[in-house]
Amino acid sequence: MPSPTTPLVDHIVVLIPHSFLSSPPPWFADLFHFYPGGRHADGLTENTLALLPDGSYLEFIAFVPGVDPARRAAHQWGAKKEGTVVDWAVTLPFLEGEEGERGEGEREKVGTEELRQEKAFREVQQRVRDANSGIVYGDPVRGGRTRLDGAVLKWAVAFPKHGADGTPINPGTVPFWCLDATPRPLRVPYREPGVAKHPTGVVGVAGIEITTGAGESARVVYDVLLGKGGEDEDEKGWYWGVGASEKVHADGVVRLRSAVGEAEERVNIAFFTDNASLAGKEVGGRVDENHELVFRLVAVCGKSG
């Protein structure tokens, strides 16, 4: 069972053109089974999701056409290129037996879980601050919504920032946090029949490769979050486990690459697939005339029966 303070991958954020939500190109539509999202409260963005069998998910997010350019520029992902992975989030494991949906008579347990998640996060938050890497996590900001079926969702997010002046760090360098106060399957209903079955056979996140100019500070943060990585500074890796009750793949890995010279800072994602014919291949397609959105697929391994 995962430690209550060891993070798991919550979701990956991919910025796409808005047209991909309404009229997706065939190559994009054939990647995943998409789960309905919606427009965010700020009115700037909309999304669709791809839920994965390991309990994580992909958020494909797009800026709404016609939004005020100044408001977009002020958004945390406003300067990012469409067709790229712009950020990723971690969460904390729920206690055994806490993943099922609760009834009206279990509100006290919801409050208890909310306190447990926040307490566990604050322990990690303090350890990151004490590591003096120059990166810290802000306090959780609560959010929530009510689903169409009346179910109430509650969560909190916490973003990394520079410890010296509180300014944001480049998104994706280290993960932000997304913590559930209500049961995770309410927000991420990956157990619903068929929703996590994808044409590409994707079952979970195999690897996150981050090219960054803030490697030294980021390494310290990852050491705190996931334990000491390998000794090779340019191949250093940190491993995370699987959040789902059934282990559907081996542990995933985070690796850092140094942004040398004018190399662009970026995040690349690899997925585990149970489709043997696609293992070892790349899937994706052209977003515009300048670049492509591509994911690498690796064979699933370490699956429990």
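Quick note: structure is the one above.
It should be emphasised that the depicted structure is a prediction, and the values quoted were computed from it without experimental measurement. In this numbering scheme, every chain counts its residues from 1 along its sequence in written order. Two thresholds apply to this predicted model, a pLDDT of at least 70 for residue-level local features and 80 or more for giving and counting side-chain atom pairs, whereas whole-chain, interface and lining totals are computed over all residues. Just so you know, side-chain values use all the structure's heavy atoms and leave hydrogens and water out.

**Thoughts on the overall build of the protein**
Counting from the N terminus, the helices are DSSP H or I runs at least four residues long and the strands are E runs at least two residues long. When its secondary structure is counted, the protein shows six helices and 16 strands. Per-residue burial over the protein gives 50% buried out of 305 residues. Whether two residues are in contact is decided by their heavy atoms, any of which lying within 4.5 Å being enough. Contacts spanning at least 24 positions in sequence make up 67% of the contacts within the protein whose residues lie at least 6 apart. With an accessible surface of roughly 14400 Å², the protein has 52% of that area assigned to carbon and sulfur atoms. Relative accessibility decides the category of a residue: with a 1.4 Å probe and only protein chains considered, values under 20% of the type maximum give buried, values over 50% give exposed, and everything between is partly exposed. To measure how exposed things are, a 1.4 Å probe is used in the Shrake-Rupley method; for residues, cover is taken only from the protein chains shown.

**Focus: the nonpolar core**
Ranked by size, the top nonpolar core spans 50 residues in total, and within it Ile12, Trp177, Ile208, Tyr222, Phe271 and Phe295 carry the most contacts. Top element by residues in this core is helix α6 (residues 215-226). It accounts for six residues. If we skip the residues at most four places from it in the chain, Ile208 touches Val9, Ile12, Trp88, Trp240, Val253, Val254, Arg255, Val267, Asn268 and Ile269. With 13 residues, the next largest nonpolar core counts Val13, Val67, Phe176 and Cys178 among its residues. In these notes, a set of buried Ala, Val, Leu, Ile, Met, Phe, Trp, Tyr and Cys residues joined through side-chain atoms within 4.5 Å is what counts as a nonpolar core.

**Considerations on empty space enclosed by the protein**
Any residue with an atom within 4 Å of a point lines the site, the site being either a cavity, points on a 1 Å grid over the protein atoms alone where a 1.4 Å probe fits but cannot get out, or a pocket, an open set with protein on both sides within 12 Å along at least 5 of 7 lines. Grid points are joined across faces, edges and corners, and a volume is the space filled by probe spheres set on the points. With the rule as written, the count across this model stands at two cavities of 30 Å³ or more. Of the volumes computed, that of the second largest cavity is approximately 50 Å³. Around the second largest cavity, the lining residues are Pro7, Leu8, Val9, Trp88, Val90, Pro175, Leu225, Leu226 and Trp240. Those elements that place two or more of their residues in the lining of the second largest cavity are β1 (8-15), β5 (84-91) and α6. Amino acid classes used here: Ala, Val, Leu, Ile, Met, Phe, Trp, Tyr, Cys and Pro are nonpolar; Asp, Glu, Lys and Arg are charged; the rest, including Gly, are polar. In terms of residue class, the lining of the second largest cavity is built from nine nonpolar, no polar and no charged.

**Concerning the sheet that holds strand β16 (residues 292-299)**
When DSSP finds two or more bridges between two strands, those strands count as paired. Taken in spatial order, the six strands line up as β12-β13-β11-β14-β16-β15 in an open sheet, and their pairing is mixed. The open sheet has two free edges, formed respectively by β12 (237-240) and β15 (282-286), since each of these has just one partner strand. The average undirected angle you get between the axes of adjacent strands in this sheet is 25°. With eight bridges connecting them, strand β11 (residues 202-212) and strand β14 (residues 266-273) associate as antiparallel partners. Paired with Glu209 across the two strands is Asn268, which belongs to β14. Under this scheme, a helix contributes an axis fitted over its contacting stretch, all axes are lines through C-alpha atoms, and angles between N-to-C directions fall in the 0 to 180 degree range.

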